[in-house]
Amino acid sequence: MRLTKFTDLALRSVMRLAVSRDTDEALTTRMVAEAMGVPYTHAAKAITRLQHLGVVEARRGRGGGLVLTDLGRRASVGWLVRELEGDGEVVACEGDPPCPLRAACRLRQALREAQNAFYATLDPLTVADLVASPTGPVLVSLTGRAAP
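An account of the accompanying structure is given in this report. Given the structure is predicted, the values throughout are model-derived calculations rather than measurements.

## Quick look at the overall build of the chain
A tally of regular secondary structure across the chain gives eight helices and two strands. Here the chain holds 148 residues, and the buried ones make up 33% of them. Considering only intrachain contacts with a sequence separation of at least 6, the fraction spanning at least 24 residues in the chain is 71%. Carbon and sulfur atoms make up 55% of the accessible area of the chain, which totals about 8900 Å².

## Here's the deal with the packing of aromatic side chains
Per the stated rule, a full pass over the model turns up one aromatic pair. Lying over the aromatic face of Tyr 40, Arg 30 brings its terminal NZ or CZ to 4.2 Å of the ring centre.

## Topic: the pattern of salt bridges
Applying the stated criterion to the full structure yields three salt bridges. Here Asp 8 ties to Arg 12 by a salt bridge, and the two come within 3.3 Å at their closest N and O atoms. A residue pair is termed a helical-turn pair when its members lie 3 or 4 positions apart in one helix, as Asp 8 and Arg 12 do in helix H1 (residues 5–22) at four residues. Residue classification places Arg 12 among the partly exposed positions, given a relative accessible area of 27%. Ionic pairing is found between Asp 123 and Arg 82, a salt bridge with its closest N-O pair at 2.7 Å. Here the residue Asp 123 occupies a position in the loop between helix H6 (107–122) and helix H7 (127–130), and Arg 82 occupies one in helix H5 (residues 77–85), the gap between them amounting to 41 residues. Asp 123 sits in the partly exposed class, given a relative accessible area of 31%.

## A short note on the nonpolar core
Formed by 32 residues in total, the largest nonpolar core has its most connected members in Leu 17, Leu 50, Val 55, Val 56, Leu 68 and Leu 80. Considering each element in turn, this core owes the most residues, eight residues, to H1. Those residues in contact with Leu 17 that lie beyond four places of it in its chain are Leu 27, Val 32, Ile 47, Val 56, Leu 66 and Leu 68.

## As for the packing of H5 against H6
Their axes nearest at 7 Å, the elements H5 and H6 cross at an angle of 130 degrees. By the angle between their axes, H5 is oblique relative to H6. For the pair H5 and H6, contact is made by Val 77, Gly 78, Val 81, Arg 82 and Glu 85 and by Phe 118, Tyr 119 and Leu 122, respectively. A class-by-class count of the residues in the contact of H5 with H6 yields five nonpolar, one polar and two charged.

Conventions and cut-offs
- Residues numbered from 1 in each chain as written.
- Predicted model: local features only at pLDDT ≥ 70, side-chain atom pairs only at ≥ 80, totals over all residues.
- Heavy atoms only, no water.
- Helix = DSSP H or I, 4+ residues; strand = E, 2+ residues; numbered from the N terminus.
- Buried < 20%, exposed > 50% of the residue type's maximum accessible area, 1.4 Å probe, protein only.
- Contact = heavy atoms within 4.5 Å.
- Areas by Shrake-Rupley, 256 points an atom, 1.4 Å probe, with all protein chains shown as cover.
- Phe/Tyr/Trp six-rings, centres within 6.5 Å; stacked < 30°, edge-to-face > 60°.
- Lys NZ or Arg CZ within 6 Å of the ring centre and 35° of its normal.
- Salt bridge = Lys/Arg side-chain N within 4 Å of Asp/Glu carboxyl O.
- Core = buried A, V, L, I, M, F, W, Y, C linked by side-chain atoms within 4.5 Å.
- Axes fitted to C-alpha atoms, helices over the stretch in contact; angles between N-to-C directions.
- Parallel < 35°, antiparallel > 145°, perpendicular 65-115°, else oblique.
- Nonpolar A, V, L, I, M, F, W, Y, C, P; charged D, E, K, R; others polar.

Coordinates in, geometry out; function isn't part of it.
Right, here's the structure in full:
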């Protein structure tokens with residue numbers, strides 16, 4: 001399995017926000033983008049999607065910023081990846097044009113089983129698990145880098 005860059009960025013953003021809660025640090029989308037070394041527009045799209053999922057909340061005004069919600073903190077990594085990637089099949093057997101092997105193919109089932117195993121590995125992990133030491137201190141130390 002290979003995650004899209006969008007999902008990778010969203011997961012890293014959630015992880016960064018998870019440790020900012022522990023330090024009472026108010027982060028903005030721009031700060032997250034700089035810490036991750038990505039363009040602001042990429043980070044903004046990921047943060048917006050995370051807001052729609054109820055994982056991140058944006059608070060306006062003094063003392064505002066991005067906050068990881070309780071759902072975001074206890075969310076299963078498997079659930080997050082499914083929501084960000086979609087739960088489609090690894091291969092497009094019914095695509096255009098459809099695969100000529102689809103009626104008798106064993107690869108499709110093997111890939112489906114591999115995908116299920118991938119998610120089964122991620123399902124028990126939470127965002128809180130991902131930011132446990134030694135990862136958390138490294139995330140806290142991330143500051144702005146030049147974004148492309």
